[in-house]
Amino acid sequence: MENISANRQIKIWRVDVREQQLAISPTPDHWVHLGGRGLLARILLDEVEPTCAPLGPRNKLIFAPGLLVGHMLSSCDRISVGGKSPLTEGVKESNAGGSTGLQMTRLGIKALIIEDAPTEAGWWMLHLSPAGARFEQADDLVGVGVYDAAPRLLSRYGGHVAIALIGPGGEMRLSAAGIQNLDKDKVPSRINARGGLGALMGAKGLKAIVIDAKDGDKPPIAHLEEYRKAQKEFNKALLAHPQTKIYADYGTAAMPRMSNGFGGLPTRNFSEGAFEGVEKISGEYMRQILLQRGGESETTHACMAGCTIRCSNIFGGEDGKAIVSPLEYETIGLLGPNLSIAELDDIARMCYQINDLGLDSIEVGAALGVAAEAGLMQFGDSARAMELIDEIRKGTPLGRILGNGVVTTGRVFGVEHVPAVKGQAMSAYEPRAIKGTGVTYATSPQGADHTAGLTIRAKVDHLDPSVQVDLSRKSQINMACYDTLGACIFAGFGFGAAPETIRDLLNARYDWQVEADILQVLGKETLKLEREFNLRAGFTSAQDRIPEWMTRQPLPPHNAVFDVSEKELDEFFNW
Ligand code: SF4
């Protein structure tokens, strides 16, 4: 392997898993201005045949820290992971917090591109450090869940390393499998959840990637004084935003009451938009019981060093021992109301198992909702839901059906009511009641994904179809830019209030001269690259649609249907 200790410039690291070789090269000029999600889209268009088999050797698994990653700027050290999605068969980026992004930048990695496929069966651990890359056998970790595998790796490689790893779900190449990353407390809880990227990592024969940046360097800052000034402005705007305090107190679990109030909380497989048990799954209730339970419970927690929002939590049981961290709105929504389950302890235990398998709790929760409609469980039966999750762990045919996501589950069991777009499950915002987010589900190149453009906080009538395309477009452009910067969705509270800090931070760090419209420039470029990949993969406007049943079956309590016109959806990218 090449020794790169003498050269820590920001470079492209390519790992060939067939030859087990690392090659390091300069960043091509037209990649330099991108990072995170935007860079993934650029690399996919440049290097991956859009019609390739997602689990085949021509697909690539790419890790790309965002442009602002590396200096613990609040909530801005996220890692984007991408490839052609085994779930949607289109472009895929999924980002996560934790420590992977920060440590990769300290090795000088602009993008890690994992190529080809192993020729023999077996599992490997890829170790990255200033000395280069090496492969070590990981057969002893086969079938081991992430909560056991991570401590074993930490004791082998030292408590300072970052780790990205897959669970049994990724090993089985299930389309709901993600990649788990260590949080700042070394718990493998921050998942690149969406789109089946864990299956892609499994197809590359990698159980884990260990990043040892102990002897690495912080990325350079061209103009330190200007950078510090912009950082201060950003922090000020972030801390002054009223939502920052709400998310610090309640985390994303602040959302159930709000979604329910709009009639947009998916209930019993998206058949209703309001849940009678909402109070018992609300953030307010969760905060109250966590404060009462004490022990290892924490109502606020940072997934990465330096985050001032701290929207994460540690959910402890009645004995105060941690059940899972974090317990977030999407998981609560899909495993709670969507299954008619109103007990947070039950939801937390299911979440733990799904995390341990390295699976996306949105995709699995949606698949269980469809399974309930198909009669495989009764709505409200959390014990049966847990048995079905255990089927996935055992790798039974039923478990593999569920683990391949909501569309596979619906098809196998003949269910019409499948809440998905481009093969990917909707998250916990009902598109018939929160129609702007419905437009995002329909038009995002990523498939149904609230983080691609959530609109619920906008001060509009969410049932009025006439205002939703503009709203979703603005939100999608913002999010595509934030994901390119490596910024958490909630860092958007600060960037939204002080957008000039994006320009100032980039210019100070990189000695660039970007203008105040950089948010628009990066966001639009990223979306266009992603759309281009999908078009070349064979996607048409037929995929930019909410499922037909949602356009004709009214959703209680507002009895709304999704009625944004197809013409408007087709004009989404005409900006
Ligand atoms: S706001 Fe939450 S998700 Fe975002 S970086 Fe902080 S703890 Fe992580």
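These numbers were taken from a predicted model, which means no experiment stands behind them.

Enquirer: So, the site of the ligand: which residues are in play, and what are the values?
Expert: Looking at the ligand, there are 13 residues lining it, with Cys303, Cys307, Ile309, Cys311 and Cys488 nearest. Considering only residue class, the shell around the ligand consists of 8 nonpolar, 3 polar and 2 charged.

Enquirer: Can you lay out the sheet that holds strand β15 (residues 322–324) for me, pointing to particular residues and giving the numbers?
Expert: The sheet built from 3 strands is open, its strands ordered β13-β14-β15 with antiparallel pairing. The open sheet is flanked by β13 (298–301) and β15, the only strands paired with a single partner. Pairwise comparison of adjacent strand axes, ignoring direction, gives a mean angle of 40 degrees for this sheet. The pairing of strand β14 (residues 312–316) with β15 spans 2 bridges and is classified as antiparallel. In the sheet register, Gly316 faces β15, and the bridge partner there is Ala322.

Enquirer: Which residues make up the packing of helix α17 (residues 468–485) against helix α20 (residues 518–537), and what values do they have?
Expert: Describing two packed helices takes the angle between their axes plus the distance from one axis to the other. Contact geometry for α17 and α20: axes closest at 7 Å, N-to-C directions at 90 degrees. One element, α17, and the other, α20, form an angle in the roughly perpendicular class. Here α17 contributes Gln476, Ile477, Asn478, Ala480, Cys481, Tyr482, Thr484 and Leu485 to the contact with α20, which in turn contributes Ile518, Leu519, Gln520, Leu522, Gly523, Lys524, Thr526 and Leu527. The class makeup of the residues in the contact of α17 with α20 is 9 nonpolar, 6 polar and 1 charged.

Enquirer: Explain the packing of helix α12 (residues 361–373) against helix α15 (residues 406–413) to me, and be specific about the residues and the numbers.
Expert: The contact between α12 and α15 brings their axes to 8 Å, and the two run at 15 degrees. Judged by the inter-axis angle, α12 sits roughly parallel to α15. In this structure, α12 crosses over α15, and the sense of that crossing is right-handed. Along its contact with α12, which presents Glu363, Ala366, Ala367, Val370 and Ala371, the element α15 presents Val406, Thr409 and Gly410. Its residues assigned to classes, the contact of α12 with α15 shows 5 nonpolar, 2 polar and 1 charged.

Enquirer: Explain the nonpolar core residue by residue, including any values.
Expert: Membership of the largest hydrophobic core comes to 177 residues, with the highest contact counts inside it found for Phe63 and Phe495. Sequence-distant contacts of Phe63, defined by excluding residues within four places in its chain, comprise Ile79, Ser80, Val81, Met104, Lys110, Ala111, Leu112, Ile114, Ala164, Ile179, Met201 and Ile209.

Enquirer: Explain the pattern of salt bridges to me, using residue names and the numbers behind them.
Expert: Taken as a whole, this structure holds 39 salt bridges when the rule is applied. Ionic pairing is found between Asp483 and Arg37, a salt bridge with its closest N-O pair at 2.9 Å. Here Arg37 lies in helix α1 (residues 36–47) and Asp483 lies in helix α17, a separation of 446 residues in the sequence. Taken individually, Asp483 and Arg37 each receive the classification buried, so the pair is uniform in this respect. When the shortest N-O distance is used, the salt bridge between Lys60 and Glu47 registers 2.9 Å. You can see Lys60 sitting in the loop between α1 and β3 (61–65) and its partner Glu47 sitting in helix α1, a full 13 residues away along the chain. In this structure Lys60 comes out as buried when scored by relative accessible area, which is 13%.

Reading the values: the criteria
- Residues numbered from 1 in each chain as written.
- Predicted model: local features only at pLDDT ≥ 70, side-chain atom pairs only at ≥ 80, totals over all residues.
- Heavy atoms only, no water.
- Near = heavy atom within 4 Å.
- Nonpolar A, V, L, I, M, F, W, Y, C, P; charged D, E, K, R; others polar.
- Pairing = 2+ DSSP bridges.
- Helix = DSSP H or I, 4+ residues; strand = E, 2+ residues; numbered from the N terminus.
- Axes fitted to C-alpha atoms, helices over the stretch in contact; angles between N-to-C directions.
- Parallel < 35°, antiparallel > 145°, perpendicular 65-115°, else oblique.
- Contact = heavy atoms within 4.5 Å.
- Left-handed = near helix turned anticlockwise from the far one by under 90°.
- Core = buried A, V, L, I, M, F, W, Y, C linked by side-chain atoms within 4.5 Å.
- Buried < 20%, exposed > 50% of the residue type's maximum accessible area, 1.4 Å probe, protein only.
- Salt bridge = Lys/Arg side-chain N within 4 Å of Asp/Glu carboxyl O.

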